[in-house]
Every structure is written in C-alpha cells, then in structure tokens.
Amino acid sequence: MLYIIIGILLFGLLIAVHEAGHFFAAKALDVQVNEFAIGMGPALFSRQRGETLYALRILPIGGYCAMEGEDGESDNPRAFSRKAPWKRLIILAAGSAMNLVAGFLLVVILFTAAGSYAVPVVRDFMEGFPCAGETGLMPGDRILEINGKTVRVYSDVSTYLSAAGEGPKDLVVERNGEKVTLNGLPLNPQEYTVNGETVTMYGLYFDTETATFPGVVKQSWNTCLYFARAVWQSLGMLVTGQVGLRDMSGPVGIVSYLGEAGSQGGSVAAGLQNVCYVIGLIAINLAIMNMLPIPALDGGRIFFLLVTEGYHLLTRRTLDPKYEAYLHAGGFVLLLMLMAVITLSDILKLVN
C-alpha cells in the first residue's frame, strides 16, 4: 500500500509538472491563463488568484492549463489564439519538455544516490557459458553493438539479444582499446544454476562503475534514450497488432505496477528506487505520447498549428478556428472513451 500511495503521488506530480510547463511558458509569453488544474472532474480544492483559478480535481487522470482563446477566437489581446505562431508552439511543447527534464533529473538523482550503476562491460561468465574465449567474449569486453544496434546502457544488452530471437548474434566489442567484431556467436538463453536454483539466462555477469558527475550525466542521458526507444517500440507493436488494448495500461494499471515494482525491492529503500525508476520511464513516455499528432494532445495542436500557418502562407487565407475546436473536442471525447475502456480492462485484470 505504501508504494501505491507513493506511486499515485508521483504520477500526479508528473501531471503537475507537465501542466506547469504550459503554465509558466504561457505566463512568460503574456498569455492569460484562466485555470490551472491538476486532475479531472469535480474540484476538491480551488482558489482564485488574480486572473487564474487554481484547482485540484478528484480524478488523478490528467489535468489542464486553460488559456484564453485556446479553442476559439477571442478579442482579448492576451489570448493564446492572438499570439505569434512561434509563441504558441513554445507553449504547446513546454509540457512535454518539462516531462523530459523531470525524467532526466529523476534518473540523475537515482544514479547519484546509488553511487554506482551497471555498465555493458563483461565481468565474468556463468559455468557452462558457450561463448567465452578469444574468438568469443572475454572479461573486460565492453559490448558496443549487437546485430548492428548500438549498445549505450546495460539494459540494451538484454533488450537487443531478446529482440534478435534464437540463432547466432553478431557483436562488436571494445577490447584493450580496440574494436573487435565477433560474428555468429551462439549467444542464446539457456539453463544455468545460480545459488542452487535453475534459471534461464544468457550467462553473463556485468561490471559496475562508480558514480561520478560526468558519468552520471552520460548514463542518465543514455538511460532516457533507452526509455524513449522502449516507448517507440511499444507504439510500433501496437500499430502492427503485436499487442492490443489488453496490453495497455491506464492510471489504475500503472499504479498497480508501481506497487508491484516497489514490493519487489526487498527493502523500503530499494522499493523506492524501483518506483522512481518506473516513474522516470513514465515521464519520458508522457513526453513522447503527448507529442503524437493526435487531436486534443499537444502534438495534435502543434500539427494543426503548422497546417493552418502553412495554409495561410500559401493562400493568404485563414482557416476558421472553430473547425480546430471541433476536431480537438472530438479527439478529447474519444480519448476519454479509450481511457474508460483501458481503466475497465485494468480493473478486470486486477480482479482476475
């Protein structure tokens, strides 16, 4: 329960950070903000400060920064719709930018607190490992590529080996300061005995590095790139039908998963580290998903902004903003319906 509560708070914090990006960008560019809300539905708390109503709403599934003239024309000179296109683009992109920054800083804090982190450098092999030796892998080898894909962090190794499936793998490693190409290694998961238990693994032990400021910054950046690739791969699997709605998770499923990740830590400190690591992944996920060109999302608004400005440059005519408002309103309704279906699916999975 502790980790679930922490997960809900951190998830809400990510939403607050996202909306704060829009809010501060709008204020900095002199756009009137009518309401800044965290959550959806009826307000638990609200207070009017100047021109802006600040609200905390009951459902922790989103939030919004309502700007004057955001979904239509307005005579107010400080309306969003009356600002220069570049200013509107900055405001729309600021939410995702803040999530990227939040995810990066969270990972930096985690690696700094841990004091060390795993790196894709081979330390040793499990007994019976078939690819050891001068023509295979050796202790001290830093894995640089697997089947042509660049390995930046330790997690890339298992990801790329798993994606390659059964069969021989082509690796490039750094050995004694030189690049060495290892083609056709039979590097596949097999059964090994670890602490008296039989497990299916690749048979590799990896080294760790002590955290230094330059190292932590580089490792955190590469970890965020790893998160981003994971999001794009998941989107690709969704588009190609490799995964379906049952494999997607909404707030209920995410909080449940955070609780599981925390409970698997073995201690409160390790559990908190697991939860924060997943929250870092979610922060990058939110940043990317919100920039997709889907109506009602920031990416959809940016896409429509570019289309309307391009249309104006070509024809010297302006598209009626009510059509954009209709499009985003319809997209918002569809997103709410999708969220309801995913939430129901999350609840059924928990019940079952």
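Rules of the game
- Numbers given to residues run from 1 along each chain, matching the order in which its sequence is written.
- Where totals are concerned, whole chains, interfaces and linings use all residues; where local detail is concerned, this predicted model gives features only for residues with pLDDT of at least 70, and gives and counts side-chain atom pairs only at 80 or more.
- Neither water nor hydrogens contribute to the side-chain values; these are computed over all heavy atoms in the structure.
- Helix numbers and strand numbers start at the N terminus; a helix is a DSSP run of H or I with at least 4 residues, a strand a run of E with at least 2.
- Only protein chains enter the accessibility calculation, which uses a 1.4 Å probe; a residue whose area is less than 20% of its type maximum is buried, one above 50% is exposed, and one in between is partly exposed.
- In protein, a polar contact requires one atom able to donate a hydrogen and another able to accept it; more generally it is a pair of N or O atoms within 3.5 Å, and residues adjacent in sequence count only if both atoms are side-chain atoms.
- Two residues form a contact once any of their heavy atoms are found within 4.5 Å.
- When a carboxyl oxygen of Asp or Glu lies within 4 Å of a side-chain nitrogen of Lys or Arg, that pair is called a salt bridge.
- Patch membership requires more than 30% relative accessible area and the absence of a salt bridge. Residues of like charge join within 9 Å; the nonpolar side chains Val, Leu, Ile, Met, Phe, Trp and Tyr join within 5 Å.
- Accessibility throughout is a Shrake-Rupley quantity obtained with a 1.4 Å probe, and a residue counts as covered only by protein chains that appear here.
- Every angle, taken between N-to-C directions, lies between 0 and 180 degrees, and every axis is a line fitted to C-alpha atoms, over only the stretch in contact when it is a helix.
- Orientation categories follow fixed angle ranges, with anything under 35 degrees roughly parallel, anything over 145 roughly antiparallel, 65 to 115 roughly perpendicular, and all other angles oblique.
- Should the near helix be turned anticlockwise from the far one by less than a right angle, the crossing is left-handed, and should it be turned clockwise, the crossing is right-handed.

Enquirer: How would you explain the side chain of Arg57 if you had to name every residue and give the values?
Expert: Residue position: Arg57 is located in strand E2 (residues 52–67). The buried category is assigned to Arg57, whose relative accessible area is 17%. Reaching out from Arg57, the side chain makes a polar contact with the side chain of Tyr64 at a distance of 2.9 Å. Apart from the residues within four sequence positions on either side, Arg57 is in contact with Glu35, Ala37, Ile38, Gly39, Met40, Gly41, Pro42, Ala43, Leu44 and Tyr64.

Enquirer: Tell me about the pattern of salt bridges, residues and numbers included.
Expert: Tallied over the full model, the rule gives nine salt bridges. Residue Arg229 pairs with Asp156 through a salt bridge whose shortest N-O separation is 2.6 Å. Placement of the pair is Arg229 in helix H4 (residues 213–239) and Asp156 in helix H3 (residues 154–164), with a sequence separation of 73 residues. Note on Asp156: relative accessible area 1%, which makes it buried.

Enquirer: Quick rundown of a nonpolar patch on the surface? Include the residues and the values.
Expert: Together, Leu44, Phe45, Leu56, Ile58 and Leu59 make up an exposed nonpolar region whose accessible area comes to about 480 Å². At the level of elements, strand E1 (33–49) and E2 are the ones that each hand at least two residues to the nonpolar patch. Here the nonpolar patch gets three residues from one element, more than from any other, and that element is E2. Its location among the elements puts Leu44 in strand E1.

Enquirer: Could you give an account of the packing of helix H2 (residues 85–114) against helix H6 (residues 268–290), naming the residues involved and the relevant values?
Expert: Put simply, H2 and H6 touch, their axes get as near as 8 Å, and they point 160° apart. When the axes of H2 and H6 are compared, the pair comes out roughly antiparallel. You can see that H2 and H6 cross each other, and the crossing is left-handed. Between H2 and H6, the contacting residues are Ser96, Asn99, Leu100, Gly103, Leu106 and Leu110 on the first element and Gln273, Cys276, Tyr277, Ile279, Gly280, Ala283, Ile284, Leu286, Ala287 and Asn290 on the second.

Enquirer: If you had to explain the environment of Gly331 to someone new, which residues and values would you point to?
Expert: Looking at the secondary structure, you find Gly331 in helix H8 (residues 321–351). According to the relative accessible area criterion, Gly331 is buried, its value standing at 11%. Spatially, the C-alpha atom of Gly331 lies 7.4 Å from that of Ile294, the residues being 37 residues apart in sequence. Apart from residues no more than four positions distant in its own chain, Gly331 is found in contact with Pro295 and Ala296.

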